[in-house]
Amino acid sequence: MAFFKKAEKSGASEKARTMSQDAKKAKRSSQARSLDRKKFFGDPIMVGAIIFLVIFMVLFVVYPIAMLLADSVTAEGRMASVNAYYKENVAGRVNDYNYEKNDVARLELIKNRLKDTYDASLQAAKARGAEKPREEPEVKVLRDVYNNANAEYKDANSAYKKAVTGAESASKGSILEFIVQMFKTLPRSEAWTHSRAALKLYFSSDNQRVSVSAFTSLTTDFGFKDAFKNTLVIGLLTGFGSLAIGFLFAYVDCYVRVKNRVMKKLFDVVSLLPVVSPPFVLSLSMMLLFGRSGLITREILGIFDNDIYGVKGIVIVQTLTFFPVCYLMLKGLLNNIDPSMEEAARDMGASRWKVFTTVTLPLMLPGLGNAFLVTFIESVADFANPMIIGGSTDTLATAIFLRITGGTYDTHGAAAMAVVLLLITFILFMVQKYVLEARSAATLTGKASRGRMLIEDKSVTTPLSILCMGVSIFVILMYICIPFGSLFKLWGMDYSLSLVHYKDMFAESGMKAFKDSFILSIIAAPVTALFSMVISYLVVKKKFKAKGFIEFTSMIAMAVPGTVLGVGFIRGFANGILRTGFMQGIYGTGLILIIVFVVRSLPVGTRSGISALRQIDKSIEESAYDLGAGSGKVFTSVTLPLIKDSFFSGIVTTFVRSITAISAVILLVTPKYLLITCRINEYAEKGSFGIACAYATILIAIVYASILIMNLVIKYFGTSRAVREAQKNEQ
Amino acid sequence: MNSEKKGVFIDHIYKIYLDPKTKKEFYAVNDVTLDIKPGSFVTLLGPSGCGKTTTLRMIAGFESPDAGEIYIGGEPVNALTPNKRDTAMVFQSYALFPHMNIFDNVAYGLKLRKVPKPEISARVFDMLKLVGLEGMENRYTNQLSGGQQQRVALARALIAEPGVLLFDEPLSNLDAKLRVYMRTEIRRIQQQFGITAIYVTHDQSEAMSISDNIIIMNKGVVAQMGTPRDIYYRPANEFVADFIGEANFLDAEVERTEGELVRVKACGVSFNVARPEKNVESGEKHLVMLRPEGIRLAEKGIIPCKVLLSCFMGSYQLYHVQTADRVVKITDNHPVGRRVFEVDEEAFLDFDPIDTHLM
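Note that the structure is a prediction, hence the values are computed from the model and not measured. (Residues numbered from 1 in each chain as written. Chains lettered and ligands numbered in written order. Predicted model: local features only at pLDDT ≥ 70, side-chain atom pairs only at ≥ 80, totals over all residues. Heavy atoms only, no water.)

Chemist: Help me understand the interface of chain B and chain A in this model?
Modeler: One frequent convention defines the size of an interface as the accessible area lost when the parts assemble. Each partner contributes residues to the interface: chain B has 52 residues there, and chain A has 42 residues. Counting the surface lost from both chain B and chain A, the interface buries some 4,100 Å², and carbon and sulfur atoms represent 57% of this. It is Asn83, His99 and Tyr108 of chain B that lose the most area in chain B upon contact with chain A, and together they represent 13% of the buried surface on that side. Where chain B packs against chain A, one counts 1 salt bridge. A salt bridge links Arg57 of chain B to Glu622 of chain A, with the shortest nitrogen-to-oxygen separation between them at 2.6 Å. (Contact = heavy atoms within 4.5 Å. Buried area = accessible area lost by both parts, 1.4 Å probe. Salt bridge = Lys/Arg side-chain N within 4 Å of Asp/Glu carboxyl O.)

Next up, the structure:
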């Protein structure tokens, strides 16, 4: 059989060989491409997953942000001319066509003819001697015509009025709204001409008035100026502060011999805290300890009007919140420095300090820059801390929130601010991701060849350990403060224990808050984990066109502050997609909150999924594929079980991030849903610290419990369990 | 074994990669045509980067050919994904599923085919017995030695009774002794099943010992296809001769053909060589290939030479000698009781026409 085919085929390829070289090349590459395409599309599960993800990303990441950008540049300036055009051409159409006049005249005409005919038939009937005239066919027809004309006229009239008013209101919004409105209400051909004309006007070169009016109005806005300045100042200070403390911790951990076991444990606890703590816990305890009625400032130091609100409060709290992030990043880098480099310097006569400044520090420089930027971004994007401890000091994130909630519902101004905030984080993120991250990895490649000689010199170890100890104890103290805050009757006045705050909490629908938060987060968790595993699988293992897009958008969500995403969702979905009313239904529902949770946690899950997947040999999946499993089956039977641990921790991480999230959801939540974090914010704002602490205490308990459960699940159902057990049996 | 043996026919396939830096096209596989008979054991042999693995992966379906068509059992399979092709591959890294025990690993292919459970377990146990892994079914892959893992991989590939079995350098992660043992095992099992096998390796002794046919590839093209014997004694070109075993070449000019012999002149001496399959005309320039073990160093002989290196290697005496033309390598096996030539001594190369090959 093969021989038969061979003969037939080689004839064909003989012909092919006579083709010109170029044509042959083109044909060759196109065959492989079309085959790959055919194979690719022969796999409906994967194609479906990709299409779904692309739609999801476009709709819930790209679109809201695009909407923000569009809004902020399409401001009144350019719209003014569109508005003028509207008044001149569209609104004027009322007089030109004058539906009313024409139609009234036409109706009159028909009515008169109807009357005439009717009279005529009446006459005829009388002449015939009948009492009532017969319904003449002509009368019937005329009546129908009249009725139809009347209805038509009414419809047209109301539609037109709707169009006119719609267009008029839209002409004050964005060009996009204007066009959508045109198409929604006017006949298509007219909508086309008007839209084209409007667009032309909108982008015409002499229309220089412009475009960034929302921004120009921002520049004269003192609230914005202050917020902008505060954001950057706080970001810088927090960045440097976290970097310093984080580096200190990392250095002590990697270079200094710490005999004390407790110290090592403290390090672990402190590095875990920011992951598990709700966002404003530190702010709350900061106020409890150092505020106007603070335990330390008032009771111990006797200062009555200590002001920790404002920039310095925010910086302290953020530094304490974010330095563990620096610590973990820098620890990894320090461990990668080959000790022999430092030993070489030491061997050539450099003092320990000299080694530190000439070898260790320069090697760490890109890594330090990287860690600095990461905390800078975190600080700039942080909403909860400035909200609670900022007092009258606003950062961009809180200013945006206040724009929207502060009575004016100025989403337009909020959008412009959100764009500024987005630009800051986006630029920092790009620098961090594509310049520093690569460079810091490049200078420190590979693992240390062997253990490092730790510093035992007491004159170095003692001060460093005391410093670290001090910071750790302080941080832990601040966390402990929260449950106490919930148990004391009235902080600052009456330090007797009582459960009154818990009682109040549950009396004021506390249960509902827990239920809502819990349910929404528990739905978001597995969805996000699954999405991020599928995304990382596609990114690591497959080749397809939309890969770059999916990878980029899932990462970029990391650079988008929650507040910005919140405003984007408001602008994007409050009136439906593109303000057409389509999908408006999801706005204000639990679904949109879940979607926000998913989008916010996706980058973290994807990143861990990607690193887990990179460790799996490609041929393991290929062998399953080769044995007859389709791509869906390969994923569920081989890939997923191998990254189970990462999957479980993805679920829990998302759950924790969601239940403690506030920045984006606080803008989108409706009274239908109560969220724990929003309640804490509310009570803290009101000054009811007791109830805020009660909420926070239970929230911390929930978060801790879920992490414990995760560890148990991984222990008993994780990837390695069966393997471990089998090994035990062997022994 | 109830599955049908399938042949593989590869018709003028190409695989072109674009070098991302230079933007130049690189022909990983360049116009390769192969006809692999059902039930035969064929090895793709070549240096790294010669396109052998790419060819194998195209047969499995992991890569698509840029031109040409692949037929498995007479059916064109270009448009089929790997899971729809009747092939099973044994990977270099074994690619066992670390989260499954040995039983589940082997049973994987059958479960996909929805074979009833009792049948699965019966077949898995039979298969484990066949590959010598009875009683290991509850272990995990990291509790097995390299050789055992290799057998699990083989069992897993065989159990679904594929039409064609593919091996991608399956023994390269094993130590030398185990490699020799496993290759005889693979050959034994392949013979027992009578399954078509395509085997990729860069180890020539592996290829020689295991195959019915060897395909030598170089730079994306097939350099020669034939039985191990053919390839060793009658290499098609200098590359093949050099790649398989060691070879000496002499530039020779054909003088005339005499029956089964050809009279050639090389190093200023006329001598007879075996007549090759292809036609040679007098006056043509050709290469004479001599294997080191096919030459004797003697006081009297055909081509005069001078000893450059004389070295006792245990089972043989190694010589490098300078002829008028090139340096020639000679291995004198089991040299006990024969004269050993020292460096700088004058001697002659002596050989029979049957030990020569004119290329």
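Structure's up, so let's keep going.
Chemist: Sorry if this is basic, but what is going on with the side chain of Glu206 of chain B here?
Modeler: Residues and elements named next belong to chain B. You can see Glu206 is positioned in helix α6 (residues 204-210). Here Glu206 sits buried without a salt bridge, and the closest side chain of opposite charge, Arg179, lies 4.9 Å off (N-O distance). Here the side chain of Glu206 touches Tyr199 through a polar contact of 2.6 Å, side chain to side chain. With residues up to four places along the chain from it excluded, the contact list for Glu206 reads Leu171, Arg179, Arg183, Tyr199 and Thr201. (Helix = DSSP H or I, 4+ residues; strand = E, 2+ residues; numbered from the N terminus. Buried < 20%, exposed > 50% of the residue type's maximum accessible area, 1.4 Å probe, protein only. Lys, Arg positive; Asp, Glu negative; His and termini not counted. Polar contact = N/O pair within 3.5 Å; in protein donor to acceptor, adjacent residues only side chain to side chain.)

Chemist: How should I be thinking about the pairing of strand β16 (residues 303-312) of chain B in this particular structure?
Modeler: Within a regular beta strand, the side chains point alternately toward one face of the sheet and then the other, so they alternate between its two faces. All names here are of chain B. Looking at chain direction, β16 and strand β19 (residues 346-350) are connected through 4 bridges and run antiparallel. Counterpart to Cys305 in the pairing with β19 is Ala347. Where β16 meets strand β17 (residues 316-322), 6 bridges bridge the pair, whose relative direction is antiparallel. Counterpart to Val307 in the pairing with β17 is Val321. The turn joining β16 and β17, which pair antiparallel and follow one another in sequence, is formed by 3 residues; a positive phi near 100° is taken by Gly314. (Pairing = 2+ DSSP bridges.)

Chemist: Just to check I follow, could you spell out the environment of Ser270 of chain B for this structure?
Modeler: Residue and element names in this part refer to chain B. On the secondary structure map, Ser270 appears in strand β13 (residues 269-274). Separated by 17 residues in sequence, Ser270 and Glu253 have C-alpha atoms that sit 9.3 Å apart. When near neighbours in sequence (up to four residues on either side) are disregarded, Ser270 contacts Glu255, Arg263, Val264 and Lys265. Here the side chain of Ser270 touches Glu255 through a polar contact of 3.0 Å, side chain to side chain.

Chemist: How should I be thinking about the sheet that holds strand β18 (residues 327-333) of chain B in this particular structure?
Modeler: The pairing of strands in a sheet comes from backbone hydrogen bonds and takes either a parallel or an antiparallel form. All names here are of chain B. Pairing is antiparallel across the open sheet formed by 5 strands, whose spatial order is β15-β19-β16-β17-β18. Either end of the sheet is taken by a strand with one partner, and the two such strands are β15 (296-298) and β18. On average, adjacent strands in this sheet sit at an angle of 45° to one another, irrespective of strand direction. (Axes fitted to C-alpha atoms, helices over the stretch in contact; angles between N-to-C directions.)

Chemist: Any chance you could explain the environment of Glu508 of chain A here in plain terms?
Modeler: All names here are of chain A. Structurally, the position occupied by Glu508 is in the loop between α22 (500-507) and α23 (510-541). Judged by its relative accessible area of 36%, Glu508 falls in the partly exposed class. If sequence neighbours within four positions are ignored, Glu508 has contacts with Arg679, Tyr683, Ile691 and Tyr695.

Chemist: Help me understand the packing of helix α13 (residues 281-290) of chain A against helix α15 (residues 311-336) of chain A in this model?
Modeler: Any two packed helices are characterised by the angle at which their axes cross and by the distance between the axes. All names here are of chain A. Between α13 and α15, the shortest axis-to-axis distance is 9 Å and the interhelical angle comes to 135°. In terms of orientation, α13 lies oblique with respect to α15. Between α13 and α15 lies a crossing of right-handed hand. Here α13 contributes Leu282, Ser283 and Met286 to the contact with α15, which in turn contributes Ile316, Val317, Leu320 and Thr321. Residue classes in the contact of α13 with α15 are distributed as 5 nonpolar, 2 polar and no charged. (Parallel < 35°, antiparallel > 145°, perpendicular 65-115°, else oblique. Left-handed = near helix turned anticlockwise from the far one by under 90°. Nonpolar A, V, L, I, M, F, W, Y, C, P; charged D, E, K, R; others polar.)

Chemist: How should I be thinking about the environment of Leu199 of chain A in this particular structure?
Modeler: All names here are of chain A. Tracing the chain through its elements places Leu199 in helix α9 (residues 188-203). Overall, the relative accessible area of 34% leaves Leu199 in the partly exposed class. Taking the C-alpha atoms as reference, Leu199 lies 41 Å from Ile45; in sequence the two are 154 residues apart.

Chemist: What is the right way to read the sheet that holds strand β4 (residues 67-72) of chain B from this model?
Modeler: Residue and element names in this part refer to chain B. Taken together, the 4 strands give an open sheet; going across it, the order is β2-β1-β4-β5, and neighbouring strands pair in antiparallel fashion. Edge positions in the open sheet fall to β2 (25-36) and β5 (75-76), since each of these has one partner strand only. Bridge count between β4 and β5: 2 bridges; the pairing is antiparallel. Following the sheet pairing, Ile72 is matched in β5 by Glu75. Taken strand by strand, helix α1 (residues 52-60) contacts β1 (8-18), β2 and β4, and its axis lies near 115° from that of β1.

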